[in-house]
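Now for the letters of each chain:
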Amino acid sequence: FKLVQAALSFGNLFSFLPDLCSKMTTVTLPADSNQAQGLAQYAIDFIGGKYGENIDESVWERIEQFHTDSVMCGVSALAMQTNAPSCLREEALTYPDPKGAKCFGSSVKVAPEKAVVANASAVREWDSNGTVFGYNPAIPGHTAGEFGHNDFYGVVVAAAQVTGDVCGKKALRAMICLDEIRGRLAEVFSLKSYKIDHVVHGAIASAAVYGALLGASAEQIESAIGMTVAHYVPFRAIRAGKQLSDSKGASAAISTEAAVLSMRRAMNGFVGPKDIFRNPEAIFRFFEPTTGTTASQDNIDITLGNKVRWGPGPSPFNIVLSHSGSDFAVCGMHFKLGLYEHQSAGALEGLIAALVNNPKLASGGAEGIDNINIVAYEPAFGIIGDPAKKDPKTRQSADHSMAFIVSRMLQKAIKMGGVPASNQEAWKALMLAPQDYGKEALFDPATRALMQKIDFAHGGPDFDAKYPDGIPTSIEITLKGGKTYSSGLVMYPPGHARNTSADLKDLLLTKNKMLGNIVFTEPASLEKFLKPLNAIKSLKPEEMQNIYSFDWDKKRYNPCIDGERPKGSAKL
């Protein structure tokens, strides 16, 4: 990094710095360079194979796992008639385009941005796919801690289906690139600190990768990134309030639709704002000014008279991007082993440990439990531990309620009368499914009764300091009569990138089958669908055309998980 700074002192000759020596595995986009064009060139170079075959096998395996996980989340959400994914898929099918891309379970090509919005919405609906916390202390300045999710792989598949010349290995490389860009942006700029939704980073990455796959120039990709940031920034208003709406789950999809559309416009000649990261009126320098004032989340001088504030200056951060080796952003991302908000994973692991180590806890029934106390860190304590969320009335609110999530898993264990003798098998037996958040489950009296026994406590500075390296949580269950069962401190539960105790492949297989059985009536049909997903690296370009296809008319029938879908007032 010091070598990069030294190079800049000689006249700042380069806006995009390649490797300073052949042994380096990263490129750095300095704060005083055109980082939008730098991201564009990185995407073009990385996807184009400029850096050779130097990606560690563990990275290929991890990206394939995340992609398959996202697809199974998506197709199962559609099979259970969830509202936003169904609406957006139906909308997409009204935009036929023989040169476009395909929605899940369809053989008809539609406008690519419409396939992207439909598929991304389905992937995100359960809130059960990958998660990133934007924290890498090994790189200076990369500890901003922004959230994010692995919602964007459909952008790559759409590009593959549009061009017809992207093989599976190139598609996986593009997915690694997409996660690298959005993951590193999450490490350097915290959108949530300014009430901006985290999906902006994914939209920027989507524009860059979609453009690179379609053969756009760096300047065209820069335009698309500029349009995405200048025209389409979603605020966290979509998440405000006690009960969440479709907008929360569809936020990534809608932003990515805009990114792909912006890229298409740029390739047709539309010129968007240039050098958006150094633009003083774009979100980055607006909220973290680098000239004319001291950056502060509480007091930012935005007066028009402050001419220096609105003048030329660097972006607030450098961006370091990997191109070789094993230290890619995707390898620091986390899986959800079932349906739950990821910050509840520590409490779930603590609960499972308590159940496994104390068999009488489940067999004793809910009546024998007096109190459940969960100690957590911020932001988990303030978000999913919010007392207002002890009475969720929608599925989207329930999966962000620590009380509901923990109570639902405990209720499953009590109903079973016990759990398997190992944490691994207990996770598989108690894995939370979509049905655990359905209309009936949402108001299940036994689950609601357990929720009232739950208290939360903030672990204070000691717990907060351990996040986001881990998700420090403990759970203590007190029985009537005074006996207590304590989990101890949980830092890296199964699914967490730093967990080394669980058999991740086995747990993901269980999850994929659980979700796949919602869609497919026969095991053979599920295996047929999973096979190319699990072997995507070897697929030919023509095989990428149907990677998301299956016989929609033969899928398993499921009633709408939320009771019934809202009625539309007009046909599209």
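This one's a predicted model, so the numbers in the text were calculated from it and none came from an experiment.

K.L.:
When you look at the packing of aromatic side chains in this model, what are you seeing that I'm missing?
P.N.:
Working definition: an aromatic ring pair is given by the centre-to-centre distance plus the angle between the planes. Enumeration according to the criterion identifies 22 aromatic pairs in this entry. Measuring from ring centre to ring centre gives 6.1 Å for phenylalanine 286 and tryptophan 310, while their planes differ by 45°; the resulting arrangement is tilted. One end of the pair, phenylalanine 286, is in helix α11 (residues 283-287); the other, tryptophan 310, is in the loop between α11 and β6 (319-322), and 24 residues separate them in sequence. One aromatic cluster is present, built from ring pairs that chain together Phe189, Tyr194, Phe277, Phe284, Phe286, Phe287, Trp310 and Phe317. When the ring centre of phenylalanine 46 is taken as origin, the NZ or CZ atom of arginine 173, which lies over that ring, is 5.9 Å away. The lysine or arginine in question, lysine 555, covers the ring of tryptophan 552, its NZ or CZ lying 3.9 Å from the ring centre.

K.L.:
What am I meant to see in the sheet that holds strand β8 (residues 454-458) here?
P.N.:
Sheet strands pair via backbone hydrogen bonds, and the direction of the pair is either parallel or antiparallel. Strand order in the open sheet made by the 4 strands is β8-β7-β9-β10, with mixed pairing throughout. Looking along the sheet, the strands with just one partner apiece sit at the ends: β8 and β10 (484-486). Taken pair by pair, the neighbouring strands of this sheet meet at an average axis angle of 20°, ignoring direction. Where strand β9 (residues 474-479) lies against β10, 3 bridges are found, and the strand directions are antiparallel. Counted as the bridge partner of glutamate 476 is serine 486 from β10.

K.L.:
So what exactly am I meant to see when it comes to unusual backbone geometry here?
P.N.:
Note that the residue after glutamate 378, namely proline 379, is joined by a cis bond; omega there is 20°. In this fold, proline 379 is placed in the loop between β7 (369-376) and α14 (380-383). A cis geometry characterises the amide bond from tyrosine 467 onward to proline 468, with omega recorded as 10°. Its location among the elements puts proline 468 in the loop between α20 (460-465) and β9. Residues other than glycine seldom take positive phi values, yet aspartate 127 does so here, at roughly 55°. Inspection of the secondary structure assignment puts aspartate 127 in the loop between α5 (112-125) and β4 (131-132). Aspartate 127 gets classed as buried once you look at its relative accessible area, which sits at 1%.

K.L.:
Explain the state of the cysteines here, please?
P.N.:
Covalently bonding the sulfur atom of one cysteine to the sulfur atom of another cysteine gives a disulfide. Enumeration over the complete set of coordinates arrives at 0 disulfides. In this model cysteine 167 remains outside any disulfide bridge; the closest cysteine sulfur is found in cysteine 177, 15 Å from its own. Accessibility expressed as a relative area gives 28% for cysteine 167, which makes it partly exposed. Cysteine 331 takes part in no disulfide bond, and the closest cysteine sulfur, belonging to cysteine 177, lies 14 Å away.

K.L.:
Would you mind going over the environment of histidine 496 with me for this structure?
P.N.:
Within the fold, histidine 496 resides in the loop between β10 and α21 (504-519). For histidine 496, a relative accessible area of 3% gives the class buried. For the pair histidine 496 and alanine 345, spaced 151 residues apart in sequence, the C-alpha separation works out to 8.5 Å. Those residues in contact with histidine 496, other than ones at most four positions away along the chain, are His334, His342, Asp469, Gly470, Ile471 and Met491.

What counts and how
Residues numbered from 1 in each chain as written. Predicted model: local features only at pLDDT ≥ 70, side-chain atom pairs only at ≥ 80, totals over all residues. Heavy atoms only, no water. Phe/Tyr/Trp six-rings, centres within 6.5 Å; stacked < 30°, edge-to-face > 60°. Helix = DSSP H or I, 4+ residues; strand = E, 2+ residues; numbered from the N terminus. Lys NZ or Arg CZ within 6 Å of the ring centre and 35° of its normal. Pairing = 2+ DSSP bridges. Axes fitted to C-alpha atoms, helices over the stretch in contact; angles between N-to-C directions. Buried < 20%, exposed > 50% of the residue type's maximum accessible area, 1.4 Å probe, protein only. Disulfide = S-S within 2.5 Å. Contact = heavy atoms within 4.5 Å.

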